[in-house]
Amino acid sequence: MDRAQKEKVVEELGQIFESSGVVVVAHYQGLTVAEMQDLRGRAREGGASVRVAKNKLAKIALEGKACESMSTYLEGMTVLTYSEDPVAAAKVVEDFAKDNKKLQVLGGAMGGEALDRAGVEAVSKMPSREELLAQIAGMLGAPASNIAGAIGAPASNIASILSTIEEKAEAA
């Protein structure tokens, strides 16, 4: 890789570190090509991306970024998994690591906060952006249906009372 290519990689990694909601660093030593392809496929399905880069170039790209403290995890054979959604990459990596013990999660960063192994696991258990939006939409819809039910209930109660009075009047 010549200098121009290295500069391009550093620039791309810098964009990843700035624009991603979460970046997870893991050791992938011992993973086969098929297993890496599986990880990439799961990441794609989960809304995340996977990138293998030289640690030295990644450390250069981290200089001056809010998440610079995660550079301590960039030792050995590392893979970066990242996503705009602050939870997607963590979920993908944690799920994959459960199935494949060769992938060892080291840590990462969420915004400017460095995450250790436990931090990545905690983030992976949080609901995703889509799940949160669905919950919020459900909460917003529930009061409206309750109001409609409350407004409709007295009318049905009045109707049943009137029909009872009418039946009694006819019977008498």
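Up top is the structure.
Residues numbered from 1 in each chain as written. Predicted model: local features only at pLDDT ≥ 70, side-chain atom pairs only at ≥ 80, totals over all residues. Heavy atoms only, no water.

Describing empty space enclosed by the protein
Test applied: Residues are called lining when one of their atoms sits within 4 Å of a cavity or pocket point, these points coming from a 1 Å grid over the protein atoms alone, where a cavity is a set in which a 1.4 Å probe fits but cannot get out and a pocket is an open set with protein on both sides within 12 Å along at least five of seven lines. Grid points are joined across faces, edges and corners, and a volume is the space filled by probe spheres set on the points. Counting from the N terminus, the helices are DSSP H or I runs at least four residues long and the strands are E runs at least two residues long. Each residue gets one label: Ala, Val, Leu, Ile, Met, Phe, Trp, Tyr, Cys and Pro are nonpolar, Asp, Glu, Lys and Arg are charged, and the others, such as Gly, are polar.
Tallied over the full model, the rule gives one cavity of 30 Å³ or more. One number sums up the size of the largest cavity: a volume of about 30 Å³. In this structure, the largest cavity is lined by Arg51, Val52, Ala53, Lys54, Asn55, Ala58, Leu74, Thr78, Val79 and Leu80. Of all elements in the fold, only α3 (55-62) and β3 (78-83) reach the threshold of two or more residues within the lining of the largest cavity. When residues in the lining of the largest cavity are grouped by element, the largest group, three residues, is from β3. For the lining of the largest cavity, the residue count by class is six nonpolar, two polar and two charged.

With respect to the nonpolar core
Worth spelling out the cut-off: Only buried Ala, Val, Leu, Ile, Met, Phe, Trp, Tyr and Cys residues count toward a nonpolar core, and they belong to the same one when joined by side-chain atoms within 4.5 Å. Only protein chains enter the accessibility calculation, which uses a 1.4 Å probe; a residue whose area is less than 20% of its type maximum is buried, one above 50% is exposed, and one in between is partly exposed. A contact between two residues is defined here by any heavy atoms of the two lying within 4.5 Å.
One finds Val24, Met36, Val79 and Leu103 to be the most contacted residues of the largest nonpolar core, which totals 23 residues. Looking at this core, the elements with two or more residues in it are β1 (22-27), α2 (33-46), α4 (88-99) and α5 (117-124). For this core, the leading source of residues is α4, giving six residues. Beyond its immediate chain neighbours, meaning those up to four positions away, Val24 contacts Val79, Leu80, Thr81, Ala89, Ala90, Val93, Val105, Gly107, Gly108 and Val120. Core analysis: the second largest hydrophobic core is formed by 19 residues, Leu13, Phe17, Val23 and Ala58 among them.

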